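Secondary and tertiary structure notes
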Amino acid sequence: MNIPPAKSKKMLEELIENCKKHLVNVNEELITKSFEFSLEAHKNDLRASGEPYFTHPYEVAMIVATEIPLDDISVVSALLHDVVEDTDFNLEILVKQFGKEVADIVDGVTKISGLFKGQEITQAENYRKLLLSMVKDVRVILVKFADRLHNMRTLEFVNQDKQRRIAQETLEIYAPFANRFGLGRVKWELEDLSFKYLNKEAYEEIARKIKSKRKEREAYIKKFSDPIVEKLEEYKIKYEISGRAKHLYSIYRKMVRRNKPFEEIYDLFAIRVILDTEDRNECYTSLGIINQIYIPIPDRFKDYISIPKTNNYQSIHTTVVGPEGRLVEVQIRTKQMHDIAERGVAAHWKYKENKNTSDKELEDWVNWIRDIFENASKEDARKEILESFKLNLYQDEIYVFTPNGDLKRLPLNSTPVDFAFEIHGKVGFHCIGAKVNSKIVPLDTILSSGDQVDIITSKNQHPNKNWIKFVQTHKAKSAIRKWMNKEEDEIVAAGKDIWERKAKKYKLSFSNQEFLKLVLSLRFDNAKQFFLSVAQNKTNVDDILTSSLEKEKKDKTAPLEFENFAKIARDDVGGILVDGKKSGLMYSYAKCCNPIPGDPVVGFITTGEGIKIHRKTCSNLIHISEKESHKFVSVDWPSAEESLFVAGLTILGEDFPGLLNEISHSIVSYKNTNIKSININTKDSAFEGSVTVYVQNLEHLSRITDRLKKIRGVYSVERFESA
Ligand code: MN
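As a starting point, this report considers the structure included with it. (Residues numbered from 1 in each chain as written. Predicted model: local features only at pLDDT ≥ 70, side-chain atom pairs only at ≥ 80, totals over all residues. Heavy atoms only, no water.)

Quick look at the overall build of the chain now. Assigned secondary structure in the chain consists of 29 helices and 19 strands. When each of the 723 residues of the chain is scored for burial, the buried share is 46%. Sequence-distant contacts, at least 24 apart, represent 68% of the contacts inside the chain between residues at least 6 apart. Carbon and sulfur atoms provide 48% of the accessible area of the chain, an area that totals close to 38000 Å². (Helix = DSSP H or I, 4+ residues; strand = E, 2+ residues; numbered from the N terminus. Buried < 20%, exposed > 50% of the residue type's maximum accessible area, 1.4 Å probe, protein only. Contact = heavy atoms within 4.5 Å. Areas by Shrake-Rupley, 256 points an atom, 1.4 Å probe, with all protein chains shown as cover.)

Here is the structure:
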């Protein structure tokens with residue numbers, strides 16, 4: 001079944017000969033070894049065409065060696081590229097026999113091959129990125145291009161369904177890729193072959209028309225070229241002229257896009273003059289020759305030799321009026337310029353496709369490939385370049401499949417929970433488990449590109465607060481936080497309910513102020529914390545109420561309570577209104593609570609500092625013992641206070657770029673409010689800030705608070721006492 005020894009010997013010789021012709025270094029021994037290894041490994045297999053399977057890896061290696069030549073390792077990898085997938089040999093054997101470099105490339109090619117199986121190509125751009133995100137060595141892509149090219153060239157042997165699927169994949173994924181990678185020739189061949197299988201009718205019609213016009217066309221080109229040829233020879237310029245091949249698919253696409261018949265597209269003649277010289281001046285000499293013979297159209301002239309395109313494409317383009325008044329586009333370039341354009345560098349994608357940051361990486365990579373081709377003769381430069389084949393494209397994201405084959409893009413290190421929220425909030429909320437590539441995995445499993453993820457949900461499942469520790473996407477994080485807050489709100493409400501019912505039972509009632517005082521005295525930061533603790537049974541409400549009841553009894557017998565003290569004190573001092581002017585008494589505002597006009601306030605008589613004005617809610621007042629209560633004095637704000645007062649706000653929210661800016665803008669843009677200080681802490685994506693501002697009064701402050709609350713991502717704004 002396998003290839004007869006005499007024939008295989010000849011094949012090997014031919015491969016090595018081609019390698020020597022196109023590559024700088026050729027490790028003959030390694031190529032021979034991999035040739036024999038692959039021949040043996042595939043000995044029992046046949047291709048769809050009935051040929052021994054080995055003809056395929058061999059032809060792929062041949063393409064790598066002659067059509068996209070890079071190095072001998074790529075040729076070796078091409079010979080071995082189907083061994084792991086199709087034979088009994090595994091990667092470990094390849095590592096042992098051929099080293100890790102080769103094995104890694106083969107592994108990469110194998111993984112890509114498995115990727116698209118059974119998937120409908122619906123999001124081509126994502127697929128291309130997925131493919132790139134999985135490739136860490138550029139040679140994987142080159143071998144894959146060669147593999148695909150050979151499969152396309154032999155596609156006639158597989159069934160129609162497979163033909164269509166592979167052709168579609170090639171047209172949508174591999175051809176644009178080849179184009180981006182600057183492999184002009186590979187690109188058009190992949191396109192034409194795909195076209196042939198996807199739209200046989202149109203393909204055959206165009207092919208037939210080209211054929212029927214060929215003679216006429218060739219005759220015209222000859223008529224056009226003859227006088228040029230004569231002159232070039234006169235000037236002793238070595239040249240090659242071709243009536244530039246127009247590819248079937250590109251003609252078809254132009255017909256569709258411009259809605260024009262075949263003839264109008266095809267009759268635009270184009271001729272390429274390739275000069276066998278290193279001297280670019282000969283391009284200009286040739287241009288002069290052509291312009292002597294045919295009249296040029298001035299605004300169609302482009303000199304990409306003096307000013308190369310950003311991808312280093314070099315050529316002169318001119319359009320002239322040929323025989324019978326037909327327009328003919330002429331491209332003039334040196335052989336080297338032509339090679340670069342065809343084989344590696346003319347990356348037209350740059351002008352045609354949208355750019356983003358990752359495309360910048362791709363662009364760098366293309367530049368780097370170009371360096372390889374341009375410096376192929378300089379041994380040192382080449383070695384240095386070849387040492388690092390690391391690709392780093394789209395490696396900060398992963399692409400995973402839904403069970404339906406849709407692709408989802410997620411940040412690196414994403415988990416099934418991120419994926420679940422990416423699909424739908426509901427899926428995220430009720431996700432209870434996940435299958436990755438049909439295996440049940442924990443929810444914090446880190447996904448990789450190409451994984452197929454299936455989320456298992458249950459109506460009774462709810463987000464777990466531990467999820468926040470491992471999820472990566474903003475979507476998942478904020479949904480989980482929101483849910484946790486909502487859950488907390490419910491618990492707080494339950495706690496409040498317990499409190500109110502019990503208080504009623506004890507026939508106790510608290511004003512807001514009294515309640516807050518009580519809560520603070522129990523060492524809670526605020527009422528919410530207290531209610532949470534009550535709901536979670538961490539605080540015994542009965543104990544608190546019992547002691548409150550006793551205190552109330554005592555208070556009734558006590559001569560004075562807080563308000564009474566103040567009243568008496570006021571009478572003692574003579575009923576001042578603290579506006580300074582009227583009373584003539586020294587006063588100042590307490591730094592611990594920073595009252596601002598509009599706050600309920602109370603004065604406290606100090607020694608040496610006059611009356612200190614506190615907010616009635618100031619926590620310091622609570623700790624003033626009853627003995628000192630006679631020092632309270634009732635005070636009131638004057639009707640018009642001109643000064644500015646310091647007030648502090650705590651802002652909590654979800655961090656996002658520009659948040660700080662929005663916060664300060666929303667403060668400053670209201671009544672030119674001044675900011676005294678601003679302090680920001682971010683942790684993960686949570687944001688905690690404190691801002692102190694100068695305000696006129698409570699109204700002013702509450703307007704600012706309202707504005708801050710409206711900022712996207714901010715979920716609470718609260719005043720704090722000490723600024
Ligand atoms: Mn293959």
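On we go.
Okay, the nonpolar core next. In summary, soluble globular proteins display a tendency toward joint burial of nonpolar side chains. Of all hydrophobic cores here, the largest spans 74 residues; its most connected members are L15, F35, L80 and F145. Summarising the domain contributions, this core has at least three residues from each of domain 1 (5-198) and domain 2 (209-351). Non-local contacts of L80, meaning those with residues more than four positions away in its chain, are made with S34, F37, S38, L94, F98, V102 and V106. Residues L649, I667, I704 and V717 belong to the second largest nonpolar core, which totals 26 residues. (Core = buried A, V, L, I, M, F, W, Y, C linked by side-chain atoms within 4.5 Å. Domains from an automatic or database assignment.)

Turning our eyes to something else, we now look at a negative patch on the surface. On the surface, a cluster of negative charge is contributed by E14, E17, E51 and E59. Mapped onto the elements, E51 comes out in the loop between helix 2 (28-41) and helix 3 (55-66). (Patch = residues over 30% accessible without salt bridge, like charges linked within 9 Å, V, L, I, M, F, W, Y side chains within 5 Å. Salt bridge = Lys/Arg side-chain N within 4 Å of Asp/Glu carboxyl O. Lys, Arg positive; Asp, Glu negative; His and termini not counted. Charge placed at Lys NZ, Arg CZ, Asp CG, Glu CD.)

What follows deals with the coordination of the manganese ion. Within the protein, the manganese ion binds to H56 (NE2), H81 (NE2), D82 (OD) and D147 (OD); these donor distances fall in the range 2.2 to 2.4 Å. Mapped onto the polypeptide sequence, the residues donating to the manganese ion form the spacing pattern H-x24-H-D-x64-D. Taken together, the residues span a long stretch of sequence, with H56 in helix 3 and H81 in the loop between helix 4 (72-80) and helix 5 (83-86) at a distance of 25 residues. As far as burial versus exposure is concerned, H56 and H81 are alike and both buried. (Donors = N, O, S within 2.8 Å, 3.2 Å for Na, K, Ca; no water.)

Turning our attention to the state of the cysteines. Inspection of every chain in the model, using the stated rule, returns zero disulfides. The closest cysteine sulfur to the non-disulfide-bonded C593 is located on C618, 3.8 Å from its own sulfur. (Disulfide = S-S within 2.5 Å.)

Another point: the pattern of salt bridges. In the structure shown here, the tally under the stated rule is 25 salt bridges. In this structure, K100 engages D104 in a salt bridge whose closest nitrogen and oxygen atoms are separated by 2.9 Å. Of this pair, K100 and D104 both sit in helix 6 (residues 91-115), four residues apart, roughly one helical turn. With a relative accessible area of 39%, D104 lands in the partly exposed category. For K187, the salt bridge goes to E191, with nearest N and O atoms at 3.7 Å. Here the residue K187 and the residue E191 both occupy positions in helix 10 (residues 184-198), the gap between them amounting to four residues, near one helical turn.

The next subject is the sheet that holds strand 13 (residues 601-605). Strand order in the open sheet made by the four strands is 12-14-13-15, with mixed pairing throughout. The sheet is open, and its two edges are formed by strand 12 (587-589) and strand 15 (632-634), each paired on a single side. Between one strand and the next, the sheet's axes are offset by a mean angle of 35°, whatever the strand orientation. Pairing of strand 12 with strand 14 (residues 611-615), which is carried by three bridges, proceeds in the parallel orientation. Paired with Y587 across the bridge in strand 14 is I611. (Pairing = 2+ DSSP bridges. Axes fitted to C-alpha atoms, helices over the stretch in contact; angles between N-to-C directions.)

Our focus in this paragraph is the sheet that holds strand 18 (residues 686-695). Taken together, the four strands give an open sheet; going across it, the order is 17-18-16-19, and neighbouring strands pair in antiparallel fashion. The open sheet terminates on both sides in strands that have one partner only, identified here as strand 17 (674-683) and strand 19 (714-720). For this sheet the average axis-to-axis angle between neighbouring strands, irrespective of direction, equals 20°. Taken strand by strand, helix 28 (residues 659-668) contacts strand 16 (645-654), strand 17, strand 18 and strand 19, and its axis lies near 155° from that of strand 17. The strands touched by helix 29 (residues 698-709) within the sheet are strand 16, strand 18 and strand 19, with strand 19 carrying the most contacts at an inclination of about 160°.

Right, let's talk about the packing of helix 8 (residues 138-153) against helix 10 for a bit. Between helix 8 and helix 10, the least distance of the axes is 10 Å, while the angle of their chain directions is 35°. Seen from above, helix 8 lies across helix 10 with left-handed handedness. Between helix 8 and helix 10, the residues in contact are R148, L149, M152 and R153 and V186, E189, L190, L193, S194 and Y197, respectively. Here the contact of helix 8 with helix 10 is built from residues that sort into six nonpolar, one polar and three charged. (Left-handed = near helix turned anticlockwise from the far one by under 90°. Nonpolar A, V, L, I, M, F, W, Y, C, P; charged D, E, K, R; others polar.)

Our next topic: the packing of aromatic side chains. In this structure the tally under the stated criterion is 19 aromatic pairs. Seen from their ring centres, F530 and F531 are 5.7 Å apart, and the 55° between their planes marks the pair as tilted. Here the two residues F530 and F531 agree in accessibility, since each one is buried. Taken together through their ring pairs, the aromatic side chains of W499, F510, F515, F524, F530 and F531 make up a single cluster. In this arrangement the basic side chain of K33 is found over the ring face of F98, its NZ or CZ atom lying 5.1 Å from the centre. Seen from the ring of Y220, R326 lies directly overhead, with NZ or CZ sitting 5.0 Å from the centre. (Phe/Tyr/Trp six-rings, centres within 6.5 Å; stacked < 30°, edge-to-face > 60°. Lys NZ or Arg CZ within 6 Å of the ring centre and 35° of its normal.)

Positionally, D706 belongs in helix 29. Take D706: its relative accessible area is 39%, and that puts it in the partly exposed class. Spatially, the C-alpha atoms of D706 and S666 are 10.0 Å apart, while their sequence positions differ by 40 residues.

The next thing to look at is unusual backbone geometry. Even without a glycine there, the phi angle at N437 is positive, about 50°. Within the secondary structure layout, N437 lies in the loop between strand 9 (431-436) and strand 10 (439-441). In the Ramachandran plot, N537 falls in the positive-phi region, its phi being about 65° despite a non-glycine side chain. With respect to the helices, strands and loops of the structure, N537 is situated in the loop between helix 24 (527-535) and helix 25 (541-557). Given the relative accessible area of 70%, N537 is considered exposed.

Nothing here speaks to function; it is geometry throughout.
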